[in-house]
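Spelled out from the first residue to the last, the chains are:
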Amino acid sequence: MKTLHVSIVTPDGPVFDSEVEMVSTKAESGELGVLPGHIPMVAPLQIGAVRLNNGTETEYVAVSGGFLEVRPEKVTILAQTAERSEGIDIARAEEAKKRAENRLQGSQDDIDFRRAELALKRAMNRIDVYKHH
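Residues numbered from 1 in each chain as written. Predicted model: local features only at pLDDT ≥ 70, side-chain atom pairs only at ≥ 80, totals over all residues. Heavy atoms only, no water.

Asks: I'm lost on the layout of surface pockets in this one. Help?
Replies: Over the atoms rolls a probe the size of a water molecule, and in doing so it shows where empty space is left. Of the pockets and cavities examined, the largest pocket occupies roughly 290 Å³. Along the walls of the largest pocket sit 15 residues, with E83, R92, R122, A123 and R126 positioned nearest its centre. Broken down by secondary-structure element, the contributors of at least two residues to the lining of the largest pocket are β6 (57-71), β8 (82-84), α1 (90-106) and α2 (110-131). Of the residues forming the lining of the largest pocket, the biggest block, five residues, is contributed by α2. Its residues assigned to classes, the lining of the largest pocket shows seven nonpolar, three polar and five charged. (1 Å grid on protein atoms, 1.4 Å probe; cavity = no way out; pocket = protein on both sides within 12 Å on 5 of 7 lines; lining within 4 Å. Points joined across faces, edges and corners; volume = space filled by probe spheres on them. Helix = DSSP H or I, 4+ residues; strand = E, 2+ residues; numbered from the N terminus. Nonpolar A, V, L, I, M, F, W, Y, C, P; charged D, E, K, R; others polar.)

Asks: Just checking my understanding: could you explain α1 for this structure?
Replies: Turn by turn, an α-helix covers 3.6 residues, leaving residues three or four places apart pointing in a common direction. When the terminal C-alpha atoms of α1 are compared, their 25 Å separation across 17 residues agrees well with the 24 Å that a helix rising 1.5 Å per residue should span. Every buried residue belonging to α1 is among A93, A96 and A100, and all of these are buried. Down the axis of α1, the smallest arc covering the buried residues is 60°, so these residues share one side. The exposed set on the far side of α1, more than 90 degrees from its buried face, consists of A91, N102 and Q105. Among the residues of α1, the N-terminal cap falls to D89, whose side-chain oxygen and the backbone nitrogen of A91 are separated by 3.3 Å. (Expected span 1.5 Å × (residues − 1). Buried < 20%, exposed > 50% of the residue type's maximum accessible area, 1.4 Å probe, protein only. Arc of directions from axis to C-beta. Polar contact = N/O pair within 3.5 Å; in protein donor to acceptor, adjacent residues only side chain to side chain.)

Asks: Is there a simple way to explain the side chain of T76 in this structure?
Replies: Mapped onto the elements of the fold, T76 is located in strand β7 (residues 74-78). Take T76: its relative accessible area is 15%, and that puts it in the buried class. What T76 contacts, discounting residues up to four positions off in sequence, is S7, F67, L68 and E69. (Contact = heavy atoms within 4.5 Å.)

Asks: Looking at this structure, I do not really get the nonpolar core. What am I missing?
Replies: Buried together is how nonpolar side chains tend to be arranged in soluble globular proteins. Ranked by size, the top nonpolar core spans 22 residues in total, and within it V6, I8, V50, L52, V61 and V75 carry the most contacts. Sorting the residues of this core by element identifies β1 (4-10), β2 (13-20), β3 (22-27), β4 (30-34), β5 (41-54), β6 and β7 as the ones contributing at least two each. Counting residues in hydrophobic clusters, the runner-up holds five residues, among them Y60, A62, I88 and V129. (Core = buried A, V, L, I, M, F, W, Y, C linked by side-chain atoms within 4.5 Å.)

Asks: Help me understand the pairing of β5 in this model?
Replies: Put simply, side chains in a regular strand alternate between the two faces of the sheet. In terms of strand pairing, β3 meets β5 through four bridges, oriented antiparallel. Note on β5: the bridge partner recorded for V23 is L52. Pairing of β5 with β6 involves 13 bridges; the strand directions are antiparallel. In the sheet register, I47 faces β6, and the bridge partner there is S64. (Pairing = 2+ DSSP bridges.)

Asks: Teacher, can you tell me more about the pattern of salt bridges here?
Replies: As enumerated under the stated definition, the model contains seven salt bridges in all. A salt bridge links E83 to R126; the shortest N-O distance between them is 2.5 Å. A residue pair is termed long-range when its members are at least 10 positions apart, and E83 in strand β8 and R126 in helix α2 qualify at 43 residues. Using a relative accessible area of 12% as the deciding quantity, one classes R126 as buried. Close ionic contact of E86 with R84 constitutes a salt bridge, the shortest N to O distance being 3.4 Å. You can call E86 partly exposed: its relative accessible area is 48%. R84 gets classed as partly exposed once you look at its relative accessible area, which sits at 27%. (Salt bridge = Lys/Arg side-chain N within 4 Å of Asp/Glu carboxyl O.)

Just distances and angles here, no functional claims.
This is how it looks when you write it as structure tokens:
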């Protein structure tokens, strides 16, 4: 089967760089699946999982938003943060989830609410991705 080259890059450096058969992720406009030969495009990403399929194996990477650039034989994801499932510190993610939930319950300020909501989404995404490894 044909493959495409996928690079997931953060300001701290590359997180994933390999050939895969299919990439699936959540763009701002909805779920997106990319196969080799896909038309070129750029799309903003939501906080979510990037699924990298290769034969019977699927690898998961948690990303905190960013941008997806698609070329016919290459996909580049630029994200502020990205973690492979096996590299996630689950205890830290669970603690971040609890902190965000506590802030949401006691928050009156709209800005604090939005920050806590995003922190909760990031923590829940990391927990979900960790469960896939």
